[in-house]
Amino acid sequence: MNVLVAGGTGFIGTNLCAELRDRGHAVTALSRNPDPTSVPEGVETAMGDAQAYDSIAETVADHDAVINLVSLSPLYQPPSGTSHEEVHLQGTENLVRAAEEGGTDRFVQMSGLGVDPDAPTAFLRAKGQAEEVVRDSSLAWTIFCPSVVFGDGAEFVEFTKKLTTPYLTGLPGGGKTPFQPIWVGDLVPMLADALEDDRHIGKRYEIGGPEVLTMKRVAELAYEAEGKFLTVLPVPMALAKLGLTVAGPVPFIPFGPDQARSLKVDNTVDDNDIAAFGRTEDELRTLEEYLGLTPSSSPAHAEAV
Ligand SMILES: NC(=O)c1ccc[n+]([C@@H]2O[C@H](COP(=O)([O-])OP(=O)(O)OC[C@H]3O[C@@H](n4cnc5c(N)ncnc54)[C@H](OP(=O)(O)O)[C@@H]3O)[C@@H](O)[C@H]2O)c1
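Criteria and cut-off values
- Residues numbered from 1 in each chain as written.
- Predicted model: local features only at pLDDT ≥ 70, side-chain atom pairs only at ≥ 80, totals over all residues.
- Heavy atoms only, no water.
- pLDDT = per-residue confidence, 0-100.
- Contact = heavy atoms within 4.5 Å.
- Phe/Tyr/Trp six-rings, centres within 6.5 Å; stacked < 30°, edge-to-face > 60°.
- Helix = DSSP H or I, 4+ residues; strand = E, 2+ residues; numbered from the N terminus.
- Buried < 20%, exposed > 50% of the residue type's maximum accessible area, 1.4 Å probe, protein only.
- Near = heavy atom within 4 Å.
- Polar contact = N/O pair within 3.5 Å; in protein donor to acceptor, adjacent residues only side chain to side chain.
- Areas by Shrake-Rupley, 256 points an atom, 1.4 Å probe, with all protein chains shown as cover.
- 1 Å grid on protein atoms, 1.4 Å probe; cavity = no way out; pocket = protein on both sides within 12 Å on 5 of 7 lines; lining within 4 Å.
- Sits in = over half its atoms within 2 Å of the grid points.

*Asks:* I tried to follow the confidence of the model for the protein on my own but got confused; where do I start?
*Replies:* The predicted structure's coordinates, where accompanied by low pLDDT, should not be read in detail. This prediction gives the protein a mean pLDDT of 89; 87% of its residues lie at or above 70. Scored below 50 in pLDDT, residues 244-251 shows 12 contacts in the model against residues more than four places distant or in partner chains.

*Asks:* I would appreciate a short explanation of the packing of aromatic side chains in the present structure.
*Replies:* The description of an aromatic ring pair rests on the distance of the ring centres and on the angle between the ring planes. Scanning the model with the defined rule gives 6 aromatic pairs in all. For the ring pair phenylalanine 156 and phenylalanine 179, a centre distance of 4.8 Å and an interplane angle of 50 degrees mean the geometry is tilted. Of the two residues, phenylalanine 156 is situated in helix 5 (residues 156-162) and phenylalanine 179 in strand 9 (residues 178-179); the sequence distance between them amounts to 23 residues. Accessibility assignment for this pair places phenylalanine 156 and phenylalanine 179 in one class, buried.

*Asks:* Just to check I follow, could you spell out the site of the ligand for this structure?
*Replies:* If you check the shell around the ligand, you find 23 residues, and the closest are Thr9, Phe11, Arg32, Lys127 and Val149. At a separation of 2.6 Å, an oxygen atom of the ligand approaches a polar side-chain atom of threonine 9. Within the backbone of asparagine 33, an N or O atom sits 3.3 Å from an oxygen atom of the ligand. Out of a free accessible area of 900 Å², the ligand has 83% covered by protein chains. Judged by the fraction of its atoms near the pocket grid, the ligand is located in the largest pocket. Elements represented by at least two residues in the shell around the ligand include exactly helix 1 (11-22) and helix 4 (122-135).

Set out below in structure tokens:
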């Protein structure tokens, strides 16, 4: 298959491009500023801005399938001049329209847990509206909603460290919000399977990792992996909402009320749809295994260290 991975130069994108290439597909990674040396060998690059229809239409039409991984991080305030609505909603509208008009039938949309057109944050609202655009299209779509994803180059574990200082720290709400982190090496084969098997068309999958961890626990593990220990002091969510607390003892990071609200949203799954890909939670890689804090239970994961 001739696959276009929009956002293919990012964290999940580079891993997915390698997986698709290894399965024998012709893969192109599209982004605004693609650096050919940053994508896996054998993967082509294409320049295009999902927010500018004319810059992507021809490239989309040249492919059999599109996977939309175009992203603006929900963890930081968007840089001035851009917004979640523009990147996630308009970007998706343009990719869907380009696929419909260009005859590119297959479309995989990367969404997230807790997305909803009426959700409490701009990121979740834009992602929820983008899902509606995909569902209402004439395309053969599949939607993925994973919890946070970890692996080399991932943002979330590093982000928890930015919000904290070793030994003594404050996290919004005491860091009690639950997450169900999944390793990128477990996620990308499911995305590739979805593309290859028509039984996944018209399905929306909520995907979680093998265990539920609070944000506090993720931060503790990240420091433990460096031989440091963390004591988390609860910081009232009301203060965190003002975007004040986290800038305290750590260097300033662009973290505002919307980001604080996002840390209150449960990021776990009720029914883990990894089953649709023949996977069970006990065979997925844990964050502790990835960080080298416990031995890997699976030989495949041990090799990946
Ligand atoms: N990482 C996670 O924990 C996680 C969890 C759940 C869901 N997701 C979802 O998974 C997807 C991928 O996430 P990720 O972590 O891999 O993101 P990422 O590392 O930030 O990569 C984002 C990609 O999008 C490209 N991009 C951004 N704006 C663009 C635009 N206007 N036009 C074209 N390309 C653009 C970036 O390249 P340029 O900057 O060069 O354009 C980059 O290739 C997103 O939809 C995200 O919401 C991620």
